[in-house]
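So the chains spell out like this:
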Amino acid sequence: MSGICGEFRFDGLKPDHSDIERMTDAMKPRGPDEAGYAGEGAFLFGYRHLAVACRSQHAAQPMQDGALTLVFDGAIYNYQALHRELVGMGYSFSSETDAEVILKAYHAWGHACLERLDGAFAFAIRDENRNNLFLARDRFGLKPLYYTLDAKRIRFASTLPAIRAGGGISDEIDHTALQFQFTLHGSVPAPWTIFRHIRKLPSACFLEIGNEGNPLVTCYWQLSASRPVPEPDEAAILAELHTALRAAVASHRLAAPTGILLSGGLDSSLIIALLAEQGGSDIATFSIGFADQPEEAGNEFYYSDLIAGHFATRHHRYRINDEEMLKALPEAISAMSEPMFSQDNVAFWLLSREVGKGVVLSGQGADEIFGGYYWYPKMAAEDEALPFVERFKRHYFDRDHAGFLAILAPERRALTSEDQVTEFIARRLAEPGADTFLDRVLRLDAATLIVDDPVKRMDNMTMAHGLEARVPFLDKTLVEAAMRASPALRLEDGGKYPLKQLARALLPAEIVDRPKGYFPTPALKYLRGGFLDFVREVLNSAACRQRGLYDRVYVDRLLAEPLGHFTPLAGNTLWHLAALEYWLQAQGAA
């Protein structure tokens, strides 16, 4: 619900206030209501506020309490219970905010407080007594946290552009990140980013750094994908999951007026049904659609209208024509904290623009947690004698390493000769705590890959308009319960079987049994007309040629066949190249 940033110096100097002001200003869309600053000596924090709850003067951030200073982005869903517990321990409060609960919880339990927090969060605490800086991020990376570190200081911020706004950051490309970018459809896992000198804190981790300048990153939670022995029967598993989902929806709707981003698919429709079941009334729903292409329809209004009518929601339906979408492309790409390839990004940016400032719930995460994507059964059907990573690569990678190298200019290829993506995925799939190959895959998606595609997309595109999106399907208790259910159960009935079983009593059968729904944006998949002109202009620009990132023969071949090069997951390779290049230009990268 905000943007946070700051600097902690190790060289005896004070942070430059103008640097922190530029970083804070760069995050104004995340917190359009007001700004705040606090710090002395070696540290200085900046904060941008999005007002959706308490606006008491005692709730202002940065928040100080004795030797502790806090800046916090997000929402703690169990803060009221923690508030009561801390009061019972003798703590007094001056506000009814989750931010103050974090501050007191850190004072009471140190970094162990993270094990007690349920929610979406990224925060920084300056502890004068310990003379250190403490950074932390939630379990699923729902709130971002970037940092840059050198011998003199560490800076952190909610967005990568805010880090750059502080100045002094090289534009050098990280070629390991580039591998991830073009292999995992735009996802670059932590700690890497596309810039070599900017890193991001991994989800479920905290970073501590003192005045000696040596950071220590520690993970405080790991997701298990093992089942109890004996395994409960199906009825017991479904009952646990349904109880957890109801509780997640209830907790995520607290403390703020709520709308729903409604695609018309099972996941967002089920959230509406559960809100209605819990007594929610006057529910606002928001859907978006685009122009059709010969290969694909541009909207799913039939299904979203069906749900809106069934639950009598205050429905808002936005139809965006090609001219308006094309006009929005530069702003939408520029709003990305990191370059992303999914066509859904532009759809979410436009929908968030229409919704405006506030809080919404979204069905993001259900497919990864409950096995809703078509590639899971394909992976399961592969020869079990193959290594895990080979079974995974065949149905998930956009291209093999040789295909990645073919994109790059010859002089770039030597900088990324080793296949680091395969090594990374193999290492993650081999980690203990998972019973089967599909358990490993679903855990990898939930704990790692989801963070830098749907989660990052949802945060970036909504917060670009001061809109906070909450995702009940990524509630800790629900995800842990889902990971104890066998993949076979989750993939039954075409995937998401536990959700479908709950939905059959709450939703029209036409919604439960329909193909997977989403916000389609076919104009960015099937490049024609003005969209192809946009891509051609970007890739033929002087900036692109001077950057020398891509092999020009390869680019020319793509431009000659704009509908002839698609990834295994139906992404347009030409769009991928143009999206990254335009993002770099929008960032002013040399």
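The structure we're discussing is the one just above.
All figures in this text were calculated on a predicted structure; none of them were measured in a lab.

## Examining the side chain of Glu208
Secondary-structure assignment places Glu208 in strand S11 (residues 205–210). By relative accessible area, Glu208 is classed as buried at 13%. At 3.3 Å, the side chain of Glu208 forms a polar contact with the side chain of Arg130. The contacts of Glu208, once residues within four sequence positions are left out, are Arg130, Asn132, Leu133, Phe134, Asn214, Pro215 and Leu216.

## Overview of the state of the cysteines
Here the structure, examined in full by the defined rule, presents one disulfide. Bridging Cys205 to Cys219, the disulfide has an S-S length of 2.3 Å. Taken together, the residues span a long stretch of sequence, with Cys205 in strand S11 and Cys219 in strand S12 (residues 216–219) at a distance of 14 residues. Assessed through its relative accessible area of 0%, Cys205 is described here as buried. Not part of a disulfide, Cys113 finds its nearest cysteine sulfur in Cys205, a span of 14 Å.

## Concerning the sheet that holds S12
If you trace the six strands from one edge of the open sheet to the other, you get S4-S5-S6-S7-S11-S12, paired in antiparallel fashion. A strand with exactly one partner marks an edge of an open sheet, and here the two such strands are strand S4 (63–65) and S12. When strand polarity is set aside, the average angle formed by the axes of neighbouring strands in this sheet is 20 degrees. Of the pairings in the sheet, the one linking strand S5 (residues 68–76) to strand S6 (residues 119–127) comprises nine bridges and is antiparallel in character.

## Focus on the nonpolar core
Leu114, Phe123, Phe392, Ile425 and Leu507 are the most contacted members of the largest nonpolar core, which has 105 residues in total. Those residues in contact with Ile425 that sit more than four places away from it in its chain are Leu184, Val389, Phe392, Phe397, Leu444 and Leu449. In terms of nonpolar packing, the next biggest core, distinct from the first, is built from 75 residues, Ile20, Met23, Met458 and Cys544 among them.

The rules behind each value
- Residues numbered from 1 in each chain as written.
- Predicted model: local features only at pLDDT ≥ 70, side-chain atom pairs only at ≥ 80, totals over all residues.
- Heavy atoms only, no water.
- Helix = DSSP H or I, 4+ residues; strand = E, 2+ residues; numbered from the N terminus.
- Buried < 20%, exposed > 50% of the residue type's maximum accessible area, 1.4 Å probe, protein only.
- Polar contact = N/O pair within 3.5 Å; in protein donor to acceptor, adjacent residues only side chain to side chain.
- Contact = heavy atoms within 4.5 Å.
- Disulfide = S-S within 2.5 Å.
- Pairing = 2+ DSSP bridges.
- Axes fitted to C-alpha atoms, helices over the stretch in contact; angles between N-to-C directions.
- Core = buried A, V, L, I, M, F, W, Y, C linked by side-chain atoms within 4.5 Å.

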